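One-letter residues, chain by chain:
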Number of protein chains: 2
Amino acid sequence: MPRGPAGRPWRFDINLADDAVDPAPSHERLARALVREIQRGRLDAGALLPGSRVLAESLGVNRKVVVAALDELCAEGWLEAVPARGTRVASVLPTMPVADVHASRTNWHSTAENKPDLQVSDGAPDARLAPLEKIARAHRSALTKLSRGGLGYGSAAGDPVLREVLAKFVNQARGLSCNMDEILITRGSQGALSLVALTLCRPGDFVAVETPGYVPAWRAFELAGAGLVRIPVDEHGLVVDELEAHARALEGKLKALYVTPHHQYPTTVALSPERRSRLRALAAEYSFCLIEDDYDYEYHFDGTPLLPLSATHDPAVSTIYLGSFSKLIAPVFRVGYLVADAAFVKRASLVREIIDRQGDFVLERAIAEPIEDGELQRHARRARRVYRERRDTIVSLLQSDARLKDIVQVDCPAGGLAVWIRVNSDVSVSAWSRAAAQRGLRFAPGATHVEQGDPPAFRAGFASFSSAELERVVSVLSASLHDL
Amino acid sequence: MPRGPAGRPWRFDINLADDAVDPAPSHERLARALVREIQRGRLDAGALLPGSRVLAESLGVNRKVVVAALDELCAEGWLEAVPARGTRVASVLPTMPVADVHASRTNWHSTAENKPDLQVSDGAPDARLAPLEKIARAHRSALTKLSRGGLGYGSAAGDPVLREVLAKFVNQARGLSCNMDEILITRGSQGALSLVALTLCRPGDFVAVETPGYVPAWRAFELAGAGLVRIPVDEHGLVVDELEAHARALEGKLKALYVTPHHQYPTTVALSPERRSRLRALAAEYSFCLIEDDYDYEYHFDGTPLLPLSATHDPAVSTIYLGSFSKLIAPVFRVGYLVADAAFVKRASLVREIIDRQGDFVLERAIAEPIEDGELQRHARRARRVYRERRDTIVSLLQSDARLKDIVQVDCPAGGLAVWIRVNSDVSVSAWSRAAAQRGLRFAPGATHVEQGDPPAFRAGFASFSSAELERVVSVLSASLHDL
């Protein structure tokens, strides 16, 4: 007989409304019912749940339904899996987004009556899936070791242990062939972008960028004094012909191309194999550097991930490869990296010393641990399965919604944590975004990804949402179309 | 009867060489003897020691000697105090400096036979005194809260909780009067310097700096395209007359003065009250900004700390005040801050988004906790006592060494974590530094703090060293003079 938190025997008196009353799938109804029990305090933080078999029997439902409900609640952060012991109520229950914490300074549990705003990201992962406990433990032990040990100053290129572990990781997982002297640990991908820009560019230089594209990267090149050359993107990625015309016209002043070939930001398309090889040839001919931002390599769902441009070694092509742990773990970990030849890493280290001397060695060491022991790779595989399902869910919800299906077009992306939603040109996406905000759904219109104008499209991150949350996203999108 | 780690009763068979054999003070001899016991494994990690009274009796020494020895070993990280339980062997024993960890990848305990290099910092605190356990716990709880809670993106100005707590802290402790909108959390003081430089300066601007001075700050202004104007420093601090001449000649192109008025870097002198008021008047007259780096405010030993220049509110004078937790806790925590008017904080936040988007909210929240509950302030008071003693120790060691006393001159600084050691002009400090390195002592010559030349002086941080370590520093300094 399962026992309650204080050892009292109790029964799961969960009232599952039947199919006729509530059309949601039964695992969803069970999940909501369990959340209510937690919110009422009948299930305390830390309380161990009975096994799925016992639960299924006592509730009179199929065991698969129970497993699906528990999985969902683990992903949402209400429950957590305890190795070899089962599932328990999370010690810290889901709270509101960081940005809003200050307003209330108290934990706040979402209830059916008082739903928090949903924020559609540009492709954030679900931090609820990440091995945070493991990283917290590793952080604590790294803190004790590194703080006691010495002055706390070290190489501006980053913690040597993480650089070594990471070299192995990118060589195995992404087909690169680098050693630790070719790696520099950065403050997230933005830290890598500003560092590359300030190391590479002088006033008078030009950098080519994709448009629509990742505007924070544009700003980094501008901060370093570079001028921008905007190259359009079509369904095969960057239009290489246009790039060639500019490279020729700029006569040696084109310093670099910033490109997202794997899952173009924001359109999600992959750069075609033919354009990839033309790009490399152009880089060699016009001596510009390829800055390849591979921000979510792990999350490729259909077919094999394309190898990075930087994976083909060719002494005539100079590449700087950028990666990050923000997508692989959680954005709150501002740790990214660049891979480039050792001479560039040295130059960038000198600039890095000026920018902020060095990174956070404690955090860097803490992240090295789950890479070294394979936990991060296992997490990536698990997360990939979850995100693929969520991608399928959002695409099918968008395609089947009665109102939306005539207004939007969405191609199922082969990878990445966001979809690119194209909208009939008679709809102003900026106006739609404002209307949705009134209904508690915040999303950035396509205007975010261009210098000016209101393109008929937007990027919607899906990976951080459970299927129930995705349903809410799509239903608010649909409802707010009406308000326009 | 005290019991050993496994509950076995044991006696402290510590063999204290008597005064005739070993001239070290008896608490030093006891401390070294205890370290040997730990290294031999007779005292396990975590083992609780008998009380000082019991220890004193069984060793036949004065209890004060025992207390002094235990204090010293706590400071060095061999022992740790357990609230209400006494003193135990540290769970993690002192290891080598971060920068060297990679070479061996194993923990390494210093022994009398195989001493590690001593690295004289430019004024680092002793991380062994810092409330690291508390911060580690706070970090873990912040990680769980913030990562589960949301996307992990927030304001580029930093964690709102830390900004609020910090505003109270600097208002109370340093006489400022700011609110959280006037605070921006940075990546250590270097992160503040590069951010201020990139926000404030354009190519063609000039920034005045002290010379000798803090060269990493110079590099930040140069990175932003500014030209430098070097102003000399004498025994009253920055020579304000020279500054005035330059301000007049530059006709409005002098954007800012970077100054360390409290404990000038590297000379440790305080800016005289008369010059402080002239400086403020000049800043108003020539409309340049005062960038005041108050990197170790807490550590003022003699008399009351001078109020920051930024504490006097005057709408005609624009100030940017820089502080950091690197000195207050440990350099491994790369968290600093700037205090300026809200409009500047907004502009700097936009630049910060380009540099690295935002800080580490988990670490920032973890640091807010010990400020809010007063633990950090208690730590600062304790550390101040320890550092004052260490200052007195290094000054008296330098003044009493038979060889050094004729070669060096050192004034006892009123505050700060370093002394400025002036050297007879016939000694090349760079050559001395190289000779000392051969004997395992690394220190930076005065050449580090000027654009060119080998000034007859150097800065020596003392705060991270126990008295035994300070003795070793001075004895190697003395011995290596012979090698020149």
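No experiment lies behind these values; they were computed from the predicted model shown. (Residues numbered from 1 in each chain as written. Chains lettered and ligands numbered in written order. Predicted model: local features only at pLDDT ≥ 70, side-chain atom pairs only at ≥ 80, totals over all residues. Heavy atoms only, no water.)

**Focus on helix 6 (residues 160-174) of chain A**
All names here are of chain A. Going by this rule: By definition, any uninterrupted DSSP run of H or I lasting at least four residues is a helix, any uninterrupted run of E lasting at least two residues is a strand, and each is numbered from the N terminus. Here, expected helix span is obtained from the residue count minus one, scaled by 1.5 Å. Only protein chains enter the area calculation, which uses a 1.4 Å probe; residues under 20% of their type maximum are buried, those over 50% are exposed, and those in between are partly exposed.
Here helix 6 contains 15 residues, and its C-alpha end-to-end distance of 20 Å stays within 8% of the 21 Å for a straight helix at 1.5 Å per residue. Those residues of helix 6 lying buried are P160, V161, L162, R163, V165, L166, A167, F169, V170 and R174. Two residues or fewer after helix 6 comes G175, characterised by a positive phi angle close to 70 degrees.

**Re the confidence of the model for chain A**
Where the model shows low pLDDT, its predicted coordinates should not be examined in detail. Residues and elements named next belong to chain A. Rule in force here: You can read pLDDT as the predictor saying how much it trusts each residue, on a scale of 0 to 100. Working rule for contacts: check all heavy atoms of both residues, and any pair within 4.5 Å makes them a contact.
Averaged over all residues, the pLDDT of chain A equals 86, while 87% of them reach at least 70. Low pLDDT, under 50, characterises residues 1-10; the stretch is placed with 16 contacts to residues that sit more than four places away or in other chains. Confidence drops under pLDDT 50 across residues 95-114; counting only partners more than four residues distant or on other chains, this segment forms 39 contacts. Scoring of the predicted complex yields 0.80 for pTM and 0.79 for ipTM.

**Some words on the sheet that holds strand 5 (residues 206-211) of chain B**
Residue and element names in this part refer to chain B. Going by this rule: DSSP bridges decide pairing: two strands pair if at least two such bridges lie between them. Only the stretch in contact is used when fitting a helix axis, every axis being a line fitted to C-alpha atoms; angles between N-to-C directions are given from 0 to 180 degrees.
Taking strand neighbours across the sheet as the criterion, the eight strands line up as 4-11-10-9-8-5-6-7 in an open arrangement whose pairing is mixed. The open sheet has two edge strands with one neighbour each: strand 4 (183-186) and strand 7 (237-238). Here strand 9 (residues 289-293) pairs with strand 10 (residues 319-324) via four bridges, running parallel. The residue of strand 10 that forms the bridge with I291 is I320. Contacting strand 4, strand 10 and strand 11 (336-339), helix 6 (residues 160-174) runs over the sheet at an angle of about 110 degrees to strand 4. On top of the sheet, helix 11 (residues 342-356) reaches strand 4, strand 10 and strand 11; it is set at about 30 degrees to strand 4, its chief contact.

**Comments concerning the packing of helix 7 (residues 188-200) of chain A against helix 8 (residues 215-223) of chain A**
Residue and element names in this part refer to chain A. The line we're drawing: Each angle receives one of four descriptions, namely roughly parallel if under 35 degrees, roughly antiparallel if over 145, roughly perpendicular if within 65 to 115, and oblique otherwise. Each helix crossing is assigned a hand: it is left-handed if the near helix lies turned anticlockwise from the far helix by less than a right angle, otherwise right-handed if that turn is clockwise.
It is at 8 Å that the axes of helix 7 and helix 8 come closest, and there the two elements cross at 30 degrees. In terms of their interaxial angle, helix 7 and helix 8 are classed as roughly parallel. Read as a crossing pair, helix 7 and helix 8 show a hand that is right-handed. In contact with Q190, L193, S194 and A197 of helix 7, helix 8 contributes P216, A217, A220 and F221.

**A few points about the environment of L257(B)**
All names here are of chain B. If you trace the backbone, L257 turns up in strand 8 (residues 254-259). On the accessibility criterion, L257 (0% relative accessible area) is buried. For the pair L257 and I291, spaced 34 residues apart in sequence, the C-alpha to C-alpha distance is 5.9 Å.

**Section: the environment of G440(A)**
Residue and element names in this part refer to chain A. Among the structural elements, G440 can be located in the loop between helix 14 (429-438) and strand 14 (441-442). Relative accessible area serves as the criterion here: at 11%, G440 is assigned to the buried category. Between the C-alpha atoms of G440 and L118, which are 322 residues apart in sequence, the distance is 6.2 Å. Other than its neighbours up to four places away in sequence, G440 contacts D117, L118 and R472.

**Some remarks on helix 7 (residues 188-200) of chain B**
Given a rise of 1.5 Å per residue, 13 residues ought to cover 18 Å, and the 18 Å separating the end C-alpha atoms of helix 7 of chain B matches this to within 8%. Burial within helix 7 of chain B is extensive, with 13 of its 13 residues counted as buried.

**Re the pattern of salt bridges**
Close approach of charged atoms allows side chains of opposite charge to pair. Cut-off, in case you're wondering: We define a salt bridge as a contact between a side-chain nitrogen of Lys or Arg and a carboxyl oxygen of Asp or Glu at a distance within 4 Å.
One pass over the full model with this rule turns up 46 salt bridges over all chains. Between D241(A) and R278(A) there is a salt bridge, with the nearest N and O atoms lying 2.7 Å from each other. On the criterion of sequence distance, the pair formed by D241(A) in helix 9 (residues 240-250) and R278(A) in helix 10 (residues 273-286) is long-range, its members being 37 residues apart. Notably, a salt bridge pairs E451(B) with R219(B), separated by 3.2 Å at the nearest N-O pair. Here R219(B) lies in helix 8 (residues 215-223) and E451(B) lies in the loop between strand 14 (441-442) and strand 15 (457-461), a separation of 232 residues in the sequence. When its relative accessible area of 38% is taken as the criterion, E451(B) is described as partly exposed. The exposure class of R219(B) is partly exposed, given its relative accessible area of 27%.

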